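# Architecture and fold: a report
Here is how the chains run, residue by residue.
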Amino acid sequence: MHVTLDNPTAAPRPLGPYSQVARVQLADGSALLYLSGQIAEGADIAEQTHGVFATLTALLQAHGATLADIINIRTFLTDMDDLPGYAAVRRTYLTGTPPTSTTVSVPRLFRPEALIEVEVVASCAAGRP
């Protein structure tokens, strides 16, 4: 097993000093991708959710994966009343069998304007970059 940490140049830069992706390369050539919590700018939950999924898409593509490769998604919401808005946008991006997931209510996120933060684990088949 080999682990690499990176911030793919094709994706929006992180808002702090951290690596956005941990790639765990497995002996069979496949990999697990751990995408750190992502937030996005926007006036409401729908705009922020669209921004988060755009970033997740870019991070996954840089490693040869897609949103369909997500196996677990963890969502942090500052207001559970935003759950229906988040879920509606999420369904436009995750159109197949939904991944395992957890939604957590938090009092606030590290950026005061952030309403949502999402982190994922994805699989990457052998032979993908």
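Relevant structure appears above.
Scope of this entry: the structure provided in the associated data block.

Criteria and cut-off values
- Residues numbered from 1 in each chain as written.
- Predicted model: local features only at pLDDT ≥ 70, side-chain atom pairs only at ≥ 80, totals over all residues.
- Heavy atoms only, no water.
- Salt bridge = Lys/Arg side-chain N within 4 Å of Asp/Glu carboxyl O.
- Helix = DSSP H or I, 4+ residues; strand = E, 2+ residues; numbered from the N terminus.
- Buried < 20%, exposed > 50% of the residue type's maximum accessible area, 1.4 Å probe, protein only.
- Patch = residues over 30% accessible without salt bridge, like charges linked within 9 Å, V, L, I, M, F, W, Y side chains within 5 Å.
- Areas by Shrake-Rupley, 256 points an atom, 1.4 Å probe, with all protein chains shown as cover.
- Polar contact = N/O pair within 3.5 Å; in protein donor to acceptor, adjacent residues only side chain to side chain.
- Contact = heavy atoms within 4.5 Å.
- Pairing = 2+ DSSP bridges.
- Axes fitted to C-alpha atoms, helices over the stretch in contact; angles between N-to-C directions.

## Remarks on the pattern of salt bridges
This model, assessed by the stated rule, comprises 3 salt bridges. Notably, a salt bridge pairs D69 with R128, separated by 2.9 Å at the nearest N-O pair. With D69 in the loop between α1 (45–61) and β4 (70–77) and R128 in the segment after β6 (116–124), this residue pair connects regions lying 59 residues apart in the sequence. You can call R128 partly exposed: its relative accessible area is 32%. R111 serves as the salt-bridge partner of E113, at 3.0 Å between the closest nitrogen and oxygen.

## Considerations on a nonpolar patch on the surface
A contiguous nonpolar patch, built from M1, V3, L5 and L26 and spanning about 440 Å² of accessible area, is present on the exposed surface. Here L5 shows up in strand β1 (residues 2–6). Judged by its relative accessible area of 57%, L5 is exposed.

## Remarks on the side chain of T75
Within the fold, T75 resides in strand β4. Taking relative accessible area as the criterion, T75 reaches 0% and is therefore assigned buried. One polar contact links T75 to Y86, side chain to side chain, over a distance of 2.7 Å. What T75 contacts, discounting residues up to four positions off in sequence, is Y86, T102, T103, V104, I116, E117 and V118.

## Examining the environment of A114
Structurally, the position occupied by A114 is in the loop between β5 (100–105) and β6. Given the relative accessible area of 4%, A114 is considered buried. Remark: the alpha-carbon pair of A114 and L77, spanning 37 residues in sequence, is separated by 8.8 Å. In this structure A114 touches I39, Q48, T78 and L109, once residues within four positions along its chain are discounted.

## Quick word on the sheet that holds β4
Spatially, the 6 strands line up as an open sheet ordered β1-β2-β3-β6-β4-β5, and their pairing is mixed. A single partner strand is all that each edge strand has here, and the edge strands are β1 and β5. Averaged over all neighbouring strand pairs, the angle between strand axes comes to 10°, with direction disregarded. Across 6 bridges, the pairing between strand β3 (residues 31–38) and β6 is antiparallel. By the bridge assignment, Q38 is partnered in β6 with V118. Contacts from helix α2 (residues 83–93) reach β4, β5 and β6, with the element oriented near 150° to β4.

## Considerations on the pairing of strand β2 (residues 21–25)
In terms of burial, β2 is a largely internal element, 4 of the 5 residues being buried. Bridging between β1 and β2 involves 5 bridges; their strand directions are antiparallel. Looking across to β2, one finds that D6 is bridged to V21. Bridging between β2 and β3 involves 5 bridges; their strand directions are antiparallel. Bridge pairing links Q25 to A31 in β3. Once β2 ends, the chain turns through 5 residues before running back antiparallel as β3, passing G29 with a positive phi of about 95°.

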